[in-house]
Amino acid sequence: MNDTNIKWDTIFYGRKWVSNIIETIQKKDVLHSFYLKRYLMRAMMAGFIISIISVFVLMVKTTFAPDVPLGVVNMIGSITFSFALVLILFTNSELLTSNFMYFTVGLYYHLIRPMRVLNIFLLCFFGNIAGAFIFFAILRCSDVMSPDMIALLDQMVQTKTITYDFQNILVRAIFANFFINIALVIAMQIEDVFAKMFVMMFGVTIFAFMGFEHVVYNATLFVGQLFYDMPSLNMLGVLKNIVAAFIGNYIGGGLIIGLFYAYLNDHGQFQTIKNVKKSQKKLAK
C-alpha cells in the first residue's frame, strides 16, 4: 500500500497538532528574541504561581493531617497542586517543563537551533526560580507559614536532597514530566475549557500523588527552605536533585512525549517544513 494515500490526520493527530506546536514555538522564539524582559517576566510568573500553590499544598496538608488518614491527605494535596498547571497555562506563563516538549518538536522539524533551545531553557528556568525568590521574599514578611508547615517543608526537602539518590530522582523525574506533557497533548485536542482543565489537573495529580520529581517545583521548595531554614539545606543535595530532575524531566517530556509525537505525526506531509532552511540556502547561492 502506498502510504501517501493514507490520511494520517485521521490516524494520528496530524498536521493540525504539529501546526499548533509550531505556532507556539514561533511565538516563544519571537518573544525571547525581541522581548527578552517580557519573556523573563512570564517565566517569573510561572515560578511565582508554583510557589503560591506549593505553600497552599503545605497548608492543606498540615490542616487536614491531624484528622484525616495520610493517603487521603496526600490525595487532597495532589489535587490541590494540580491547580498550578491550570493557572500557568491560562495566564500564558512560561514553565520550563512544558517547553521541553514544545522545543523538542521544533528541533525535530529543524525549526530552531539546539544552542538557542538551550538558551531558552536556561532563561526560562532562571525566570522560574526568580519568581520563587520574589514570592518567598514577600511571604517571609508575614506569618502565613506556620511551624507545622515549615516542618513539613523541611521534611520534603530533606527527602529530595538527602534520602533520594541520583538514579531515583532521575527515574521519578522522567515519569513526572511524562504525565504533565501527555496531559498537555490531550488538552490540545479539546475545545471545551472545563474539559481542558480536567485533563491537565488529572495528569498533575497523578505525578504529585506518586511522589515524582518536578525540577521547577523542587527548586521552589529549595528557595522556600533558604528563607525559612537555610542552615539545614544541603547544597550538594540540591545540586544533585536539580541536575537529575532537569535531565529526567527532559527525557520524560522532551523525548518520550515531544520526540515521540513529532515522529508519529511525520509521514512526509511535513517534509516542506523540514527543508525550509535547505531551500533558503539554495536560493541564497
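As the structure is a computational prediction, the values presented were derived from the model and not from experiment.

Asker: Give a detailed account of the pattern of salt bridges, specifying residues and quantitative values.
Answerer: Counting across every chain of the model gives 2 salt bridges. Linking Arg 42 and Glu 94 is a salt bridge whose minimum nitrogen-to-oxygen distance equals 2.7 Å. Linking Arg 42 in helix α2 (residues 36-64) with Glu 94 in the loop between α4 (83-90) and α5 (96-108), this pair joins segments that are 52 residues apart in sequence. Using a relative accessible area of 30% as the deciding quantity, one classes Arg 42 as partly exposed. Put simply, Lys 160 and Glu 213 hold a salt bridge, and the shortest N to O gap is 3.0 Å. Of this pair, Lys 160 sits in helix α7 (residues 147-163) while Glu 213 is found in the loop between α9 (193-210) and α10 (215-229), placing the two residues 53 residues apart along the sequence.

Asker: Go over α5 with me, naming the residues and quoting the values.
Answerer: Spanning 13 residues, α5 covers 18 Å between terminal C-alpha atoms, matching the ideal 18 Å at 1.5 Å per step. For α5, every residue scored as buried is listed here: Leu 96, Thr 97, Ser 98, Asn 99, Phe 100, Met 101, Tyr 102, Phe 103, Thr 104, Val 105, Gly 106 and Tyr 108.

Asker: Account for the packing of aromatic side chains, naming residues and giving values.
Answerer: Counted by the stated rule, this structure contains 17 aromatic pairs. A centroid spacing of 5.9 Å and a plane angle of 80° characterise the contact between Phe 81 and Phe 207, whose relative ring orientation is edge-to-face. One end of the pair, Phe 81, is in helix α3 (residues 70-81); the other, Phe 207, is in helix α9, with 126 residues separating them in the sequence. Judged on exposure class, the residue Phe 81 and its partner Phe 207 are both buried.

Asker: Any details on the packing of helix α8 (residues 166-187) against α9? Residues and values, ideally.
Answerer: Contact pair α8 / α9: the axes reach a minimum separation of 8 Å and the direction vectors enclose 170°. Between α8 and α9, the interaxial angle falls into the category roughly antiparallel. For the pair formed by α8 and α9, the contact residues are Arg 172, Ala 176, Phe 179, Ile 180, Ala 183, Leu 184, Ile 186 and Ala 187 on the first element and Lys 196, Val 199, Met 200, Gly 203, Val 204, Ile 206, Phe 207 and Met 210 on the second. Class assignment for the residues of the contact of α8 with α9 results in 13 nonpolar, 1 polar and 2 charged.

Asker: Can you explain the nonpolar core? Please cite residues and give values.
Answerer: A general tendency of soluble globular proteins is for nonpolar side chains to be buried together. Within the largest apolar cluster, 80 residues are counted, with the highest numbers of intra-cluster contacts made by Trp 17, Ile 21, Leu 96, Phe 103, Met 145 and Val 215. Here this core gets 10 residues from one element, more than from any other, and that element is helix α6 (residues 114-139). In this structure Leu 96 touches Phe 121, Cys 124, Phe 125, Asn 128, Val 215, Val 216 and Phe 246, once residues within four positions along its chain are discounted.

Asker: I'd like a rundown of a nonpolar patch on the surface, residues and numbers included.
Answerer: Side chains of Phe 56, Met 75, Ile 79, Phe 83, Leu 87, Ile 186, Phe 198, Phe 202, Ile 206, Phe 209 and Met 210 sit close together on the surface and give an oily, nonpolar patch of about 940 Å² of accessible area. Per element, the largest residue contribution to the nonpolar patch is 5 residues, and it comes from α9. Within the secondary structure, Phe 209 sits in helix α9.

Asker: So, the packing of α3 against α4: which residues are in play, and what are the values?
Answerer: Across the interface, α3 lies against α4 with an axial gap of 4 Å and an inter-helix angle of 0°. Our classification of the angle between α3 and α4 gives roughly parallel. Between α3 and α4, the contacting residues are Ile 79, Thr 80 and Phe 81 on the first element and Phe 83, Ala 84 and Leu 85 on the second. Of the residues belonging to the contact of α3 with α4, the class tally is 5 nonpolar, 1 polar and no charged.

Asker: Pulling in residues and values, what's your account of the confidence of the model for the chain?
Answerer: Any segment with low pLDDT has predicted coordinates that should not be analysed in fine detail. Scored by pLDDT, the chain comes out at a mean of 87, with 88% of its residues at no less than 70. Model confidence for the chain, summarised as mean pLDDT per element, is weakest for helix α13 (residues 276-284) at 46 and strongest for α10 at 97. Taken together, the stretch residues 279-285 has pLDDT below 50 and engages in 0 contacts with residues farther than four places along the chain or on a different chain.

Asker: Please set out the side chain of Thr 80 residue by residue, giving values where relevant.
Answerer: With respect to the secondary-structure elements, Thr 80 resides in helix α3. For Thr 80, a relative accessible area of 6% gives the class buried. Beyond its immediate sequence surroundings of up to four residues, Thr 80 is in contact with Ile 53, Phe 56, Val 57 and Val 60.

Asker: Tell me about the environment of Met 145, and please be specific about residues and values.
Answerer: As for its placement among the helices and strands, Met 145 is situated in the loop between α6 and α7. Taking the relative accessible area as the measure of exposure, Met 145 reaches 7% and is therefore buried. Between the C-alpha atoms of Met 145 and Phe 56, which are 89 residues apart in sequence, the distance is 9.8 Å. Apart from the residues within four sequence positions on either side, Met 145 is in contact with Val 55, Leu 58, Leu 139, Ile 150, Leu 153 and Tyr 228.

Reading guide: rules and limits
Residues numbered from 1 in each chain as written. Predicted model: local features only at pLDDT ≥ 70, side-chain atom pairs only at ≥ 80, totals over all residues. Heavy atoms only, no water. Salt bridge = Lys/Arg side-chain N within 4 Å of Asp/Glu carboxyl O. Helix = DSSP H or I, 4+ residues; strand = E, 2+ residues; numbered from the N terminus. Buried < 20%, exposed > 50% of the residue type's maximum accessible area, 1.4 Å probe, protein only. Expected span 1.5 Å × (residues − 1). Phe/Tyr/Trp six-rings, centres within 6.5 Å; stacked < 30°, edge-to-face > 60°. Axes fitted to C-alpha atoms, helices over the stretch in contact; angles between N-to-C directions. Parallel < 35°, antiparallel > 145°, perpendicular 65-115°, else oblique. Contact = heavy atoms within 4.5 Å. Nonpolar A, V, L, I, M, F, W, Y, C, P; charged D, E, K, R; others polar. Core = buried A, V, L, I, M, F, W, Y, C linked by side-chain atoms within 4.5 Å. Patch = residues over 30% accessible without salt bridge, like charges linked within 9 Å, V, L, I, M, F, W, Y side chains within 5 Å. Areas by Shrake-Rupley, 256 points an atom, 1.4 Å probe, with all protein chains shown as cover. pLDDT = per-residue confidence, 0-100.

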